[in-house]
Amino acid sequence: MAASSTPRQPRIGLALGGGGPLGGIYEIGALRALDEALDGLDFNRLSVYVGVNAGAFVAANLANQMTTAQLCRIFVRNEAEVHPFHPEVFYRPAFREIGQRLLAIPGLVSTAIGRFVNNPYDQSFLEALTILAQAAPAGLFDNEGLHDYLSRAFTMLGRTNDFRELKHSLYVVAADVESTEAVCFGAPGFDHVPISRAIQATTASPGLYVPVEIDGRYYVDGTLRKGLHASVAFEDGADLVFAVNPQVPIDASAAVRAGSMKPGELTRSGMPNLLSQMFRTMVYSRMQSGIAQYARDYPDKDILLFEPTRDDAKLFFSNVFSFQSRRMVCEHAYQMTRRDLLLRADELEPKLAKYGITLRRDRLEDEQRTISTSLYGELLPLYVAKAKDRKRPSDRRRKGAGLGNVSQLFSRAQ
């Protein structure tokens, strides 16, 4: 009698898009909502993780067994100095790059003068001086501090900075500056690169950060190729991919109607926000095309996408280095994702059931639920259990002693 074959367990993946530090905070809030609402899904035991830009930062932490609750406490609540989330980690001036470019100016001026003198009828002296554009730095900031921070974080508490030592597949997507091709760090041939260095490369947004050199090649933000790289997860064998894209352009007209923006505010907000709007528009357009292509290329597979609404200016104008703003963004992402799940519940439930996942409508319908209360609720049973172990029946003075500690615990969760 032939042995019955064991049915293959479905493979579930996660694909996280870019958006800089603000996008990472949004993803943490959205993932916390998904984690709470989906029974039968463990975000630390997925088959494959794919991340680009800030999404790589979040995906790598999940693959390194950091829970969504821990991500909230560390990067949003700032409850651990082991994981500082400060501007200097991301925005350290590229002094070496800027210095090298300044030193090159005399030689460039000499070259310009020589070209003009040798052939004065070819171009004017001012046109010859356009060569000075080469003195502009390749990036204003150096994110080497991010690599240093991650290399410390991934080599402590049982975590790893080596793709090959992870229990599940992790792919960090960056773009090769010279070939313009997307490179998947973590794939064969690129899995020897430290995870921290790969994340440094994919977060190197052009113009903002100096390209990152790895094995003689230079890499920048992988978002230049695609907003989401869910196809990497599908090619790795994933049957279902959860995707979070925090980078959507603001619809200013819709935002004005929704009351989250004043007329003309986007245009008056300055060049950085205008450039951000243009970049988001480009990425979002490509991402929508990519999602449509997935349906054609992988007809037997599923992708579930979660992203902000386009009429919400709160996210667009937020300062991620403000504690208050950071908490607002995370809570906002959490609540938006919960509402999205509830609105799409009838559509999602049969799809999720195929993979043994149940949607918890009771949690989604709880209008009082917040990230803070969910974190507190997760911590309270642990505290009560420890309190019972310590409690002695003869010591009546200890009967109410735990209340102050519970209060402090709730305060920390806030």
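Up top is the structure.
Please read all numbers here as calculations on a predicted model, not as lab measurements.

### Side note on the overall build of the protein chain
Here is step 1: Assigned secondary structure in the protein chain consists of 19 helices and 13 strands.
Here is step 2: In the protein chain, buried positions account for 46% of the 414 residues.
Here is step 3: Here the contacts in the protein chain between residues at least 6 apart in sequence split such that 76% fall between residues at least 24 apart.
Here is step 4: Just so you have it, the protein chain exposes about 20800 Å², and 54% of that area is on carbon and sulfur atoms.

### Thoughts on empty space enclosed by the protein
Over the atoms, a rolled probe matching the size of one water molecule traces out where space is still vacant.
Here is step 1: Throughout the structure, instances matching the rule amount to one cavity of 30 Å³ or more.
Here is step 2: When its volume is computed, the largest cavity comes out at roughly 150 Å³.
Here is step 3: If you go around the largest cavity, you meet 16 residues; those closest to its centre are Pro 246, Arg 280, Pro 308, Leu 315 and Phe 316.
Here is step 4: Elements with a minimum of two residues in the lining of the largest cavity: helix 1 (20–37) and helix 14 (313–316).
Here is step 5: In terms of residue count, the dominant contributor to the lining of the largest cavity is helix 1 (three residues).

### Some remarks on the layout of surface pockets
Here is step 1: Counted as a void, the second largest pocket has a volume near 470 Å³.
Here is step 2: Contributing to the lining of the second largest pocket are 18 residues, with Arg 96, Asp 142, Glu 144, Val 210 and Pro 211 lying nearest its centre.
Here is step 3: Elements supplying a minimum of two residues to the lining of the second largest pocket: strand 4 (92–93), helix 5 (95–103), helix 9 (195–202) and strand 9 (212–214).
Here is step 4: Looking at the lining of the second largest pocket element by element, the count peaks at four residues for helix 5.
Here is step 5: The class makeup of the residues in the lining of the second largest pocket is eight nonpolar, three polar and seven charged.
Here is step 6: Here the lining of the second largest pocket gathers at least three residues from each of two domains, domain 1 (13–90 + 140–375) and domain 2 (95–136).

### Regarding the nonpolar core
Here is step 1: The biggest cluster of nonpolar side chains holds 74 residues, and the ones touching the most others in it are Leu 170, Phe 185, Ile 199 and Phe 242.
Here is step 2: Among the elements that line this core, the one with the most residues is helix 1, at nine residues.
Here is step 3: Non-local contacts of Leu 170, meaning those with residues more than four positions away in its chain, are made with Tyr 49, Ala 59, Ala 60, Ala 63, Phe 163, Phe 185, Gly 186 and Ile 195.
Here is step 4: Counting residues in hydrophobic clusters, the runner-up holds 19 residues, among them Tyr 171, Val 232, Ala 238 and Met 287.

### Things to note about the pairing of strand 1 (residues 12–16)
In the case of a regular strand, side chains alternate between the two sheet surfaces.
Here is step 1: Among the five residues of strand 1, five are classified as buried, and the element is accordingly described as predominantly covered.
Here is step 2: With burial as the criterion, each face of strand 1 is covered, one bearing Ile 12, Leu 14 and Leu 16 and the other bearing Gly 13 and Ala 15.
Here is step 3: Examined bridge by bridge, strand 1 and strand 11 (residues 240–244) share five bridges and lie parallel to one another. Each bridged residue has a counterpart across the sheet, and for Ala 15 the counterpart in strand 11 is Ala 243.
Here is step 4: Looking at chain direction, strand 1 and strand 3 (residues 48–52) are connected through four bridges and run parallel. Along strand 3, the bridge assignment pairs Gly 13 with Val 48.

Conventions adopted
Each residue is numbered by its place in its chain's sequence as written, counting from 1. Only residues with pLDDT of at least 70 get local features here, since the model is predicted, and only at 80 or more are side-chain atom pairs given and counted; chain-wide, interface and lining totals rely on the full set of residues. With hydrogens and water set aside, each side-chain value is computed from the structure's full complement of heavy atoms. Put simply, DSSP H or I for four residues or longer makes a helix, DSSP E for two residues or longer makes a strand, and each gets a number counted from the N terminus. Relative accessibility thresholds used throughout: buried, under 20% of the residue-type maximum; exposed, over 50%; partly exposed, between the two (1.4 Å probe, protein chains only). Only heavy atoms enter the contact rule, under which two residues are in contact if any of them lie within 4.5 Å. In this description, accessible areas are obtained by the Shrake-Rupley approach with a 1.4 Å probe, and a residue is regarded as covered only by the protein chains that are shown. Note on definitions: the grid is 1 Å and covers protein atoms alone; a cavity is a set of points where a 1.4 Å probe fits but cannot get out; a pocket is an open set with protein on both sides within 12 Å along at least five of seven lines; lining residues have an atom within 4 Å of a point. Grid points are joined across faces, edges and corners, and a volume is the space filled by probe spheres set on the points. The nonpolar class holds Ala, Val, Leu, Ile, Met, Phe, Trp, Tyr, Cys and Pro. Asp, Glu, Lys and Arg form the charged class, and all remaining residues, Gly among them, are polar. Reported domain spans reflect what an automatic or database domain assignment gives. Within this scheme, the nonpolar core is defined by two criteria: the residues are buried Ala, Val, Leu, Ile, Met, Phe, Trp, Tyr or Cys, and they are joined through side-chain atoms within 4.5 Å. Paired strands are those between which DSSP finds at least two bridges.

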